[in-house]
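Commentary on secondary and tertiary structure
Here is what each chain is made of, one letter per residue.
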Amino acid sequence: MWVPGALRRAGAFFGRPRQGLFRASGRRGPTASSYSASAEPSRVRALVYEHHGDPAKVVELKNLELTAMGGSDVHVKMLAAPVNPADINMIQGNYGLLPTLPAVGGNEGVGQVVAVGSNVTGVKPGDWVIPTNAGLGTWQTEAVFHEEALISVPRDIPLQSAATLSVNPCTAYRMLMDFEQLQPGDSVIQNAANSGVGQAVIQLAAALGLRTINVVRDRPDIQKLTDKLKRLGAEHVVTEEELRKPDMKNIFKAIPQPRLALNCVGGKSSTELLRQLAPGGTMVTYGGMAKQPVTASVSLLIFKDLRLRGFWLSQWKKAHSAEQFKELILTLCDFIHRGQLAAPAYSEVPLQDYQQALEASMRPFVSSKQILTM
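Residues numbered from 1 in each chain as written. Predicted model: local features only at pLDDT ≥ 70, side-chain atom pairs only at ≥ 80, totals over all residues. Heavy atoms only, no water.

A closer look at the overall build of the protein
Helices and strands together make up the secondary structure of the protein, namely 12 helices and 18 strands. With 374 residues in all, the protein has 53% of them scored as buried. Put simply, 71% of the contacts in the protein that link residues at least 6 apart link residues at least 24 apart. Counting only carbon and sulfur atoms, one obtains 51% of the accessible surface of the protein, whose full area is about 15,900 Å². (Helix = DSSP H or I, 4+ residues; strand = E, 2+ residues; numbered from the N terminus. Buried < 20%, exposed > 50% of the residue type's maximum accessible area, 1.4 Å probe, protein only. Contact = heavy atoms within 4.5 Å. Areas by Shrake-Rupley, 256 points an atom, 1.4 Å probe, with all protein chains shown as cover.)

The following block contains the structure:
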């Protein structure tokens with residue numbers, strides 16, 4: 001049952017552990033947003049889940065009332081919000097950050113400021129804003145958020161780019177920059193290359209003068225996918241099966257062995273990425289689609305001195321200031337302005353058709369990001 005009364009969402013900001021998305025009472029935190037449930041239809045519609053489980057079963061479209069604004073609050077009309085793997089994992093209950101239930105789904109999106117409180121100085125009506133942290137609850141038509149929960153972005157970038165800016169491109173850029181001192185001409189290998197992060201890696205690497213080897217699962221339309229990734233800037237596209245063949249060494253006759261591998265799969269795929277790394281190289285794991293552990297042979301670790309690292313954007317934000325995150329966002333906007341970073345392939349789905357978006361997001365071989373439109 002929905003908890004009666006005004007439900008307050010409270011979340012951590014940089015450097016603090018997250019306390020959950022909702023709480024029944026108490027002072028609102030820096031990333032808070034408030035609602036109350038309404039039996040009558042209202043202008044605020046939200047995708048809410050009261051229990052963890054299958055997203056197609058536990059997520060419901062509910063009517064919410066917008067609560068009064070405080071001096072540091074911002075009234076936002078959401079414009080678009082994607083469905084990311086992390087969103088699905090949070091609803092299932094198997095992610096590193098879990099909200100207090102009931103919760104509004106969605107960690108990413110873009111909205112337009114409708115009104116601001118008397119103490120708000122960082123944004124103004126008409127601005128486009130995106131969340132500073134996960135767990136804000138972006139799958140809703142509008143809400144009241146604390147000013148510190150939001151960061152403004154230029155309105156002259158495509159709406160779909162703004163809606164998908166704060167997770168995948170940030171992850172891609174930080175992994176390319178933070179683990180190896182790569183120079184133009186160096187190469188990077190990655191699996192899940194058709195994912196949102198993978199597509200951002202391809203584009204950003206090309207803009208930085210890096211060469212990419214991109215691993216994808218075999219599928220009936222593999223040539224179509226290969227052509228799409230190459231249009232983004234991919235130099236080589238290989239299947240998981242081709243990655244395991246001796247012929248892979250032919251690729252490195254023309255380009256240097258990669259010093260950086262980006263792993264979103266785990267299992268055998270990650271083991272094969274390690275085999276392709278140059279001595280002293282680094283593999284960064286940021287996902288585990290195969291739900292299998294990363295296995296590294298002793299010989300590779302000893303004789304090639306390979307390094308295994310992990311990356312989670314939420315953890316990066318905890319270790320960095322809000323200004324550093326804003327700088328990251330503006331850097332990515334510069335890539336967008338120069339035509340070097342586009343939104344991932346996407347399908348726009350009206351909020352009321354959310355079941356379609358959730359099901360497509362969990363279906364194998366779907367390379368199109370599902371973006372909910374409000």
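So, the pattern of salt bridges
In a structure, side chains of opposite charge can pair up when their charged atoms sit close to one another. This model, assessed by the stated rule, comprises eight salt bridges. Two residues, lysine 124 and aspartate 127, come together in a salt bridge whose shortest N-O distance is 3.1 Å. Residue aspartate 178 is joined to arginine 174 by a salt bridge in which the shortest nitrogen-to-oxygen separation is 2.7 Å. Placement of both aspartate 178 and arginine 174 in helix H4 (residues 168–178) is noted, with a separation of four residues, approximately one turn of the helix. A relative accessible area of 14% means that arginine 174 is categorised as buried. Shared partners join several salt bridges into a network, and the residues in it are Glu180, Asp186, Arg259 and Arg307. (Salt bridge = Lys/Arg side-chain N within 4 Å of Asp/Glu carboxyl O.)

What to know about the environment of glutamine 355
Of note, glutamine 355 is situated in helix H12 (residues 354–361). Among the residues examined, glutamine 355 registers a relative accessible area of 27% and is labelled partly exposed. Apart from residues no more than four positions distant in its own chain, glutamine 355 is found in contact with Ala56 and Val59.

Regarding the side chain of aspartate 127
The topology assignment puts aspartate 127 in the loop between strand S7 (110–116) and strand S8 (128–131). Judged by its relative accessible area of 15%, aspartate 127 is buried. Within the local environment of aspartate 127, its side chain forms a polar contact with the backbone nitrogen of lysine 124, the two atoms lying 3.0 Å apart. Ignoring any residue separated from it by four or fewer positions in sequence, one finds aspartate 127 in contact with Gly111, Gln112 and Val113. (Polar contact = N/O pair within 3.5 Å; in protein donor to acceptor, adjacent residues only side chain to side chain.)

Regarding the packing of H4 against helix H11 (residues 322–337)
Packing of H4 against H11 leaves a shortest axis separation of 10 Å and a crossing angle of 95°. In terms of axis orientation, H4 runs roughly perpendicular to H11. Side by side, H4 and H11 meet where Pro169, Cys170, Tyr173 and Arg174 of the first sit next to Phe325, Leu328, Ile329, Thr331, Leu332 and Phe335 of the second. (Axes fitted to C-alpha atoms, helices over the stretch in contact; angles between N-to-C directions. Parallel < 35°, antiparallel > 145°, perpendicular 65-115°, else oblique.)

Examining the state of the cysteines
Per the counting criterion, the structure on display carries zero disulfides. Of all cysteine sulfurs, the one in cysteine 170 lies closest to cysteine 333, which takes part in no disulfide; the gap is 9.2 Å. Residue classification places cysteine 333 among the buried positions, given a relative accessible area of 1%. (Disulfide = S-S within 2.5 Å.)

Section: the packing of aromatic side chains
Applying the stated criterion across every chain, the model contains three aromatic pairs. With 5.9 Å between their ring centres and 85° between their planes, tyrosine 95 and tryptophan 312 make a pair best called edge-to-face. On the criterion of sequence distance, the pair formed by tyrosine 95 in the loop between helix H2 (85–92) and strand S6 (103–104) and tryptophan 312 in the loop between strand S16 (307–310) and helix H10 (313–318) is long-range, its members being 217 residues apart. A residue is classified by how much of its surface remains accessible, and tryptophan 312, at 31% relative accessible area, is partly exposed. Ring geometry for phenylalanine 179 versus phenylalanine 311: centroids 6.3 Å apart, planes at 85°, classification edge-to-face. A residue pair is termed long-range when its members are at least 10 positions apart, and phenylalanine 179 in the loop between H4 and strand S11 (187–190) and phenylalanine 311 in the loop between S16 and H10 qualify at 132 residues. (Phe/Tyr/Trp six-rings, centres within 6.5 Å; stacked < 30°, edge-to-face > 60°.)

A few points about the nonpolar core
Residues Ile329 and Leu332 are the most contacted members of the largest nonpolar core, which totals 43 residues. Among the elements of the structure, S8, strand S10 (150–153), helix H3 (159–163), H4, helix H5 (196–207), strand S14 (260–263), H10 and H11 are those that each provide at least two residues to this core. For this core, the element with the highest residue contribution is H11, accounting for seven residues. If we skip the residues at most four places from it in the chain, leucine 332 touches Leu165, Pro169, Cys170, Tyr173, Leu204 and Leu341. In terms of nonpolar packing, the next biggest core, distinct from the first, is built from 17 residues, Met90, Ala103, Ala357 and Leu372 among them. (Core = buried A, V, L, I, M, F, W, Y, C linked by side-chain atoms within 4.5 Å.)

Observations concerning the pairing of S7
Where strand S5 (residues 73–83) and S7 come together, six bridges link them in antiparallel fashion. For methionine 78, the partnering residue across the bridge sits in S7 and is glycine 111. By the bridge criterion, two bridges tie S7 to S8 in an arrangement that is antiparallel. Across the sheet, the residue bridging to glutamine 112 is tryptophan 128, located in S8. (Pairing = 2+ DSSP bridges.)

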